[in-house]
Amino acid sequence: MSPPTTLPSVCPHDCTSTCALEVEVLDNGRIGKVRGSQRNAYTAGVICEKVARYAERQHHPERLQHPLMRTGPKGSQQWKRITWEEALDRTADQLLQKAAQHGSETVWPYFYAGTMGLVQRDGIQRLRHTMKYSRWHATICVALSDTGWMAGIGSKRGVDLLEAAEHADLIVIWGGNPVNTQVNVIQHAMAAKKRGARLVVVDPYRTGTAEKADLHLAVRPGTDGALACAIMHVLFAEGFADWDYLRRYTDCPDELAAHVSTRPPAWASAITGLSEDTIISFAREYGRARASFIRCHHGFSRSRNGAANMHAVTCLPAVTGAWQHRGGGAVYGHAGLLPLNRGLIEGLDQLDPNTRVLDQSRLGAILMGDADALQGGPPVTALLIQNTNPAVVCPDLHRVRAGLLRDDLFTCVHEQFMTETAALADIVLPATTFLEHDDFYSASGHTVFQVAKKLVEPPGEARENHFVICELARRLGASHPGFEMTAWDIMDQSLRQSGLWDAQTNYERGGQDLAAPFDRMHFLDGFDTPDRKFHFKPDWSRFGGRAAEMPALPDHFDVIDNATDDKPYRLVTAPARTFLNSTFTETPGSLKRERRPTALLHPDDCTALKVSEGDRVSVGNERGSVTVHVQPKTGQQRGVVVIEGLWPNRAFDTGLGINALTSAEPGWPNGGAVFHDTAVWIRVNTEAVSL
Ligand SMILES: Nc1nc2c(c(=O)[nH]1)N[C@H]1C(S)=C(S)[C@@H](COP(=O)(O)OP(=O)(O)OC[C@H]3O[C@@H](n4cnc5c(=O)[nH]c(N)nc54)[C@H](O)[C@@H]3O)O[C@H]1N2
Ligand SMILES: Nc1nc2c(c(=O)[nH]1)N[C@H]1C(S)=C(S)[C@@H](COP(=O)(O)OP(=O)(O)OC[C@H]3O[C@@H](n4cnc5c(=O)[nH]c(N)nc54)[C@H](O)[C@@H]3O)O[C@H]1N2
Ligand code: SF4
Ligand SMILES: [Mo]
């Protein structure tokens, strides 16, 4: 065989790094090694281990290759192979029948970010909008973090981490574990540390990231707002506030200063579990640093009060004026830099604002007929699912599963693997991977927008998402120019409409950098709020929902699922290093590394529970329970239990995974899943043991 050709691609996974890749393509149509490309300064040759091993997934023997139709009862896994023609006809027929019976809103196209490619991911929106199917409130990932970030700042952009890596004197990784979830963040943070910058991590447990830090602040989950307030208390009290900056760039600094004067470190200590000394010395360190930089992650926003906590943290650089300095400020994501016109991809010209909007994370309640979740509208009797595995990743999993098992529900799942969602479907369609179709990718962690091309042929009859959407549209009678174009033409036209490089140019140049000049990246020309100021007192009502209940100024918004005598532990269900949500749970390399579902507990909690390494405990609450092995772990507070990874349901004795314990109660103000906000009991031999 001749040596492999190396071709450029882009990682499609739901990860802010959006790495530029180099993929070895062998002449038998298989891929070899996947490496990080040097063409992108953020990726700079470094990618995570799971994607470096992508050949394991790409050529996995269990990749779906043919359309399947269910022949036994739901979930029985009895299937018959059918043609694409028949599969699409049957699916379209069911969607038409259900809509004729209950109205078009009974159909709910259900998708997420299995691929982050904008054409393959969001094309399902075009079908939704043209058919007036129930609309989509995306809440499983960024609803709380986006809201919290935008509350003060006004848009979703910030200072480039690469600049901070070079110039910041203090980097704070707040509420995320990039060693597991965004390898490039830790790569650049370590480069900064090496040249003398201090690295601080705020996280309830001693993650791989926290282990690399100079200081780890192990807060109780859901208490970051209190910590931020006490830091601001010290900043104002000890002269670290930059009043010139505050007067020029912020909405109500005097009110904020008066407010946080009533939020001293002692108050925050009782809430966060950190000592007063720790809070004060970190606040001073933050105050003294000229170019302090906060990398805000999603992790700490996954609580009922997560948006309020994110906002509270974004207030810190506005108090010290860190935004003004090279390397100073904060970032959460850069998606707001992309001026892409999404009309063609999503069929926005045909969006009917009168159709109801259903909450992605409340799938269980919706399928089980909860009138509130259905907003008084018709039941959902048909799901078209692409790019997501809700039977594992959704909260309130008992109800999700019960709903997916409903006999009167028609479900078509388009997937690469027989996921636990696909296993409950009526029709399963085989999907391509990113190496088998064209698409373009917006990054959150960096500023480069990238086009990627199909590199290899798919296995069997696997087809791209765009094909499925267009073929269904044709059978359903939906009409839109986007259904008549190739994925490449959609990219090209959308780019041209947006004044961006055309697709081929973008591809040839390795991506278009959308970074703005220094003043704009640092909001020195104003924030993206109506009055151009940073808002300590945000207008939460502009995000809708339960805004009135939220504190006007940053605070500890105490709506979390606090520990009680019956449920003395707070559960964090953090991402595992070699899974990506439920993806890669099928690859041997990942399974070997993650080993088994494990509860990380403070050693004193282990002693109190009379358990040691490897013992089994049940962790549960009123929704459900799972049995896991114990691992004592220092560096977290007593009463905190961490279970990493979205293990398949089948990895648990109860047949349902960790999301059997998490709640689908929407976070404030306007929804968002609260995966790390769960009070639980821990039982050994079914006896309740309290702290
Ligand atoms: N290997 C791997 N990579 C992934 C993923 C994966 O599952 N595995 N998921 C991908 C996806 S979809 C996303 S959205 C991103 C998310 O990635 P990031 O935005 O980087 O956030 P996470 O790393 O998920 O944050 C998890 C951390 O948040 C901490 N945390 C939880 N609650 C709190 C709290 O109340 N306060 C504080 N301070 N910290 C808290 C947890 O202990 C955990 O260490 O990662 C992506 N990358
Ligand atoms: N307990 C707990 N639950 C969580 C989280 C947590 O931290 N804790 N994290 C949450 C977060 S942040 C997120 S974003 C969600 C993510 O949840 P999901 O979006 O469901 O993510 P995955 O589990 O990675 O599933 C993506 C699926 O898409 C498929 N796929 C990939 N590419 C394609 C394609 O091109 N076409 C088609 N048709 N399919 C494709 C993959 O095979 C995979 O099965 O999970 C959430 N759930
Ligand atoms: S770090 Fe994220 S973007 Fe980069 S290769 Fe891994 S999953 Fe993909
Ligand atoms: Mo996510």
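Just so it is clear, the structure is predicted and the values come from calculations on it, not from any experiment.

(A) Main features of the sheet that holds strand 17 (residues 439-441). One open sheet accounts for three strands, arranged 17-18-19; its pairing is antiparallel. The open sheet has two edge strands with one neighbour each: strand 17 and strand 19 (512-513). Pairing analysis gives three bridges linking strand 17 to strand 18 (residues 448-452), with the strands arranged antiparallel. Bridge pairing in strand 18 links Phe440 to Val451. Packing against the sheet, helix 4 (residues 118-131) makes contact with strand 17 and strand 18, and its axis sits at approximately 100° to strand 17.

(B) Spatial organisation of the pairing of strand 11 (residues 292-296). Most of strand 11 sits out of view: five of its five residues are buried. Side chains of strand 11 alternate between two faces, with Ser292, Ile294 and Cys296 and Phe293 and Arg295 buried alike. Note that strand 8 (residues 170-174) and strand 11 share five bridges and pair parallel. What sits directly across from Val172, in strand 11, is Ile294. As defined by bridge partners, strand 11 adjoins strand 12 (residues 329-331) across three bridges and the pair is classed as parallel. Counted as the bridge partner of Arg295 is Val331 from strand 12. Between the parallel pair strand 11 and strand 12, the chain is carried across by helix 15 (residues 306-320), and the sense of this crossover is right-handed.

(C) Just the site of ligand 1, in detail. Of all residues adjacent to ligand 1, which total 33 residues, the nearest are Asp203, Gly222, His297, His298 and Phe579. Residue Gly299 places a main-chain N or O atom 3.3 Å away from an oxygen atom belonging to ligand 1. At 2.8 Å, a backbone N or O of Arg577 approaches a nitrogen atom of ligand 1. Protein chains bury 97% of the 910 Å² of accessible surface belonging to ligand 1 in isolation. Partitioning the shell around ligand 1 into residue classes produces 14 nonpolar, 13 polar and six charged.

(D) Layout of the site of ligand 3. Inspection of the region around ligand 3 gives Cys11, Cys15, Ser17, Thr18, Cys19, Ile47, Cys48, Val51, Val183 and Leu580 as its neighbouring residues. Cavity membership is defined here by more than half of the atoms lying within 2 Å of grid points; on that basis ligand 3 lies in the largest cavity. Taken together, the residues that form the shell around ligand 3 break down as eight nonpolar, two polar and no charged.

(E) Summary view of the layout of surface pockets. Approximately 520 Å³ is the volume attributed to the second largest pocket. The set of elements that each furnish at least two residues to the lining of the second largest pocket consists of helix 7 (178-181), helix 9 (208-211), helix 24 (588-594), strand 21 (598-601), strand 23 (625-632) and strand 24 (640-643). Across the lining of the second largest pocket, the residue classes break down as nine nonpolar, six polar and ten charged. Residues lining the lining of the second largest pocket come from more than one domain, with at least three contributed by each of domain 3 (158-332) and domain 4 (569-688).

(F) Just the sheet that holds strand 8, in detail. If you trace the five strands from one edge of the open sheet to the other, you get 10-9-8-11-12, paired in parallel fashion. The sheet is open, and its two edges are formed by strand 10 (215-217) and strand 12, each paired on a single side. Averaged over all pairs of adjacent strands, the angle between strand axes in this sheet comes to 20°, irrespective of strand direction.

(G) Fine view of empty space enclosed by the protein. What the rule picks out here adds up to three cavities of 30 Å³ or more. The space that makes up the largest cavity amounts to roughly 110 Å³. Among the elements of the structure, helix 1 (49-52) and helix 8 (183-194) are those that each provide at least two residues to the lining of the largest cavity. Here the residues of the lining of the largest cavity sort into nine nonpolar, six polar and one charged. Residue contributions to the lining of the largest cavity reach at least three from each of two domains, namely domain 1 (5-58) and domain 3 (158-332). If you add up the space inside the second largest cavity, you get close to 60 Å³. Looking at the second largest cavity, the residues that line it are His334, Ala335, Leu337, Leu338, Ser442, Ala443, His446, Thr447, Val448, Phe449 and Leu514.

(H) How the structure looks around the packing of aromatic side chains. Applying the stated criterion across every chain yields a total of 21 aromatic pairs. Ring centres of Phe236 and Trp243 lie 5.6 Å apart, and the angle between their planes is 50°; on these two criteria the pair is classed as tilted. Since its relative accessible area comes to 15%, Phe236 is described here as buried. With centroids separated by 5.9 Å and ring planes inclined at 75°, the aromatic side chains of Trp323 and Phe527 adopt a geometry described as edge-to-face. Taken as a pair, Trp323 in the loop between helix 15 and strand 12 and Phe527 in the loop between helix 23 (518-521) and strand 20 (569-572) lie far apart in primary sequence, 204 residues in all. Of the two residues examined, Trp323 and Phe527, each falls in the buried class. An aromatic cluster of three or more residues is present, and its members are Trp323, Phe523, Phe527, Phe534 and Phe536. It is Arg263 that lies over the ring of Trp267; its NZ or CZ is 5.2 Å from the centre. Above the ring of Tyr507, the side-chain terminus of Lys453 is found at 4.4 Å from the ring centroid.

Cut-offs used in this document
- Residues numbered from 1 in each chain as written.
- Chains lettered and ligands numbered in written order.
- Predicted model: local features only at pLDDT ≥ 70, side-chain atom pairs only at ≥ 80, totals over all residues.
- Heavy atoms only, no water.
- Pairing = 2+ DSSP bridges.
- Helix = DSSP H or I, 4+ residues; strand = E, 2+ residues; numbered from the N terminus.
- Contact = heavy atoms within 4.5 Å.
- Axes fitted to C-alpha atoms, helices over the stretch in contact; angles between N-to-C directions.
- Buried < 20%, exposed > 50% of the residue type's maximum accessible area, 1.4 Å probe, protein only.
- Right-handed = clockwise from strand over helix to strand, strands pointing away.
- Near = heavy atom within 4 Å.
- Polar contact = N/O pair within 3.5 Å; in protein donor to acceptor, adjacent residues only side chain to side chain.
- Areas by Shrake-Rupley, 256 points an atom, 1.4 Å probe, with all protein chains shown as cover.
- Nonpolar A, V, L, I, M, F, W, Y, C, P; charged D, E, K, R; others polar.
- 1 Å grid on protein atoms, 1.4 Å probe; cavity = no way out; pocket = protein on both sides within 12 Å on 5 of 7 lines; lining within 4 Å.
- Sits in = over half its atoms within 2 Å of the grid points.
- Points joined across faces, edges and corners; volume = space filled by probe spheres on them.
- Domains from an automatic or database assignment.
- Phe/Tyr/Trp six-rings, centres within 6.5 Å; stacked < 30°, edge-to-face > 60°.
- Lys NZ or Arg CZ within 6 Å of the ring centre and 35° of its normal.

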